[in-house]
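Observations on the model geometry
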Protein chains: 2
Amino acid sequence: MKNITLNVEGMSCGHCKAAVNGALEEIEGVNSVDVNLDTGKVEVSYDEAKVEEAKLKDAIEEQGYDVA
Amino acid sequence: MKNITLNVEGMSCGHCKAAVNGALEEIEGVNSVDVNLDTGKVEVSYDEAKVEEAKLKDAIEEQGYDVA
């Protein structure tokens, strides 16, 4: 299991948090997600054998947010 | 049909707009809803015989926003 912290821009409210959280959690191989709305930091714990970091970033961007 | 404009505080993104819009549109007697995210103004057209203004405000507040 690998842990990364992504810096996400544009999340402004609880709906945004839920959108990012939900998009990541539904990915096969993602173990846990923690979204901090104040800092924009999104911590993801995932199985490197099942999912690549790029896919996590894509999922966030698909929700309409930029990953710095 | 009556038209009112409510001043709503705290809507920050498209999810917020959708939440307020959806909560109002599902009320019996509401004809149309227009949410302006930039100004916080929510225009509602509704049938006074079917719904009171207080119910519209309550629906917005239930979504987590203040009606000024």
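Let me begin by describing the structure that accompanies this report. (Residues numbered from 1 in each chain as written. Chains lettered and ligands numbered in written order. Predicted model: local features only at pLDDT ≥ 70, side-chain atom pairs only at ≥ 80, totals over all residues. Heavy atoms only, no water.)

1. A closer look at the packing of helix α1 (residues 14–25) of chain A against helix α1 (residues 14–25) of chain B
Running from N to C, α1 of chain A and α1 of chain B cross one another at 110°; their axes reach a closest spacing of 8 Å. Relative to α1 of chain B, the element α1 of chain A is oriented roughly perpendicular. Residues H15, C16 and A19 of chain A of α1 of chain A pack against H15, C16 and A19 of chain B of α1 of chain B. For the contact of α1 of chain A with α1 of chain B, a count of residues per class yields four nonpolar, two polar and no charged. (Axes fitted to C-alpha atoms, helices over the stretch in contact; angles between N-to-C directions. Helix = DSSP H or I, 4+ residues; strand = E, 2+ residues; numbered from the N terminus. Parallel < 35°, antiparallel > 145°, perpendicular 65-115°, else oblique. Contact = heavy atoms within 4.5 Å. Nonpolar A, V, L, I, M, F, W, Y, C, P; charged D, E, K, R; others polar.)

2. Side note on the sheet that holds strand β2 (residues 30–35) of chain B
All names here are of chain B. Across the sheet, which stays open at both edges, the four strands sit in the order β2-β3-β1-β4 with antiparallel pairing between neighbours. Strands at the two margins of the open sheet, each flanked by one partner only, are β2 and β4 (66–67). Across six bridges, strand β1 (residues 2–9) lies against strand β3 (residues 41–46) in antiparallel orientation. When the sheet's bridge partners are listed, N3 is paired in β3 with S45. (Pairing = 2+ DSSP bridges.)

3. Some remarks on the relation of the copies chain B and chain A
For these two chains of identical sequence, chain B goes onto chain A by a turn of 180° and a shift of 0.0 Å along the axis, with RMSD 0.0 Å. Expressed as a symmetry operation, the mapping of one chain copy onto the other fits a two-fold axis. Both copies contact each other with a shared surface, as 100% of the interface residues of chain B are interface residues in chain A too. (Least-squares fit on C-alpha atoms with pLDDT ≥ 70 in both.)

4. Let's talk about the pairing of strand β3 (residues 41–46) of chain A
Residue and element names in this part refer to chain A. Across five bridges, the pairing between strand β2 (residues 30–35) and β3 is antiparallel. Counted as the bridge partner of V35 is V42 from β3. Linking β2 to β3, which pair antiparallel, is a turn of five residues; within it G40 sits at a positive phi near 80°.

5. Thoughts on helix α2 (residues 53–62) of chain A
All names here are of chain A. Those residues of α2 lying buried are L56, A59 and I60. Down the axis, α2 shows its buried residues gathered within 95° of arc, on one side only. In this structure, the buried residues of α2 make contact with β1 (2–9), α1, β2, β3 and β4 (66–67). Directly beyond the C-terminal end of α2, a positive phi value near 100° is found at G64. (Buried < 20%, exposed > 50% of the residue type's maximum accessible area, 1.4 Å probe, protein only. Arc of directions from axis to C-beta.)

6. Topic: α1 of chain B
For an α-helix the count is 3.6 residues per turn, leaving residues at separations of three or four pointing the same way. If you check α1 of chain B, its first and last C-alpha atoms are 16 Å apart, about what twelve residues at 1.5 Å a residue would give, namely 16 Å. Every buried residue of α1 of chain B is listed here: C16, A19, V20, N21, A23 and L24 of chain B. The inward-facing, buried residues of α1 of chain B abut α1 of chain A together with β2, β3 and α2 (53–62) of chain B. (Expected span 1.5 Å × (residues − 1).)

7. Here we look at a negative patch on the surface
Residue and element names in this part refer to chain A. Among the surface-exposed residues, E9, D58, E61, E62 and D66 lie close enough to one another that they form a single negatively charged patch. Considering each element in turn, the negative patch owes the most residues, three residues, to α2. Mapping E9 onto the fold places it in strand β1. You can call E9 partly exposed: its relative accessible area is 46%. (Patch = residues over 30% accessible without salt bridge, like charges linked within 9 Å, V, L, I, M, F, W, Y side chains within 5 Å. Areas by Shrake-Rupley, 256 points an atom, 1.4 Å probe, with all protein chains shown as cover. Salt bridge = Lys/Arg side-chain N within 4 Å of Asp/Glu carboxyl O. Lys, Arg positive; Asp, Glu negative; His and termini not counted. Charge placed at Lys NZ, Arg CZ, Asp CG, Glu CD.)

8. Looking at the environment of A18 of chain B
Residues and elements named next belong to chain B. Within the fold, A18 resides in helix α1. Among the residues examined, A18 registers a relative accessible area of 48% and is labelled partly exposed. When the C-alpha atoms of A18 and V35 are compared, they prove to be 8.5 Å apart, with 17 residues separating the residues in sequence.

Functional significance is not addressed by these values, which are geometric in nature.
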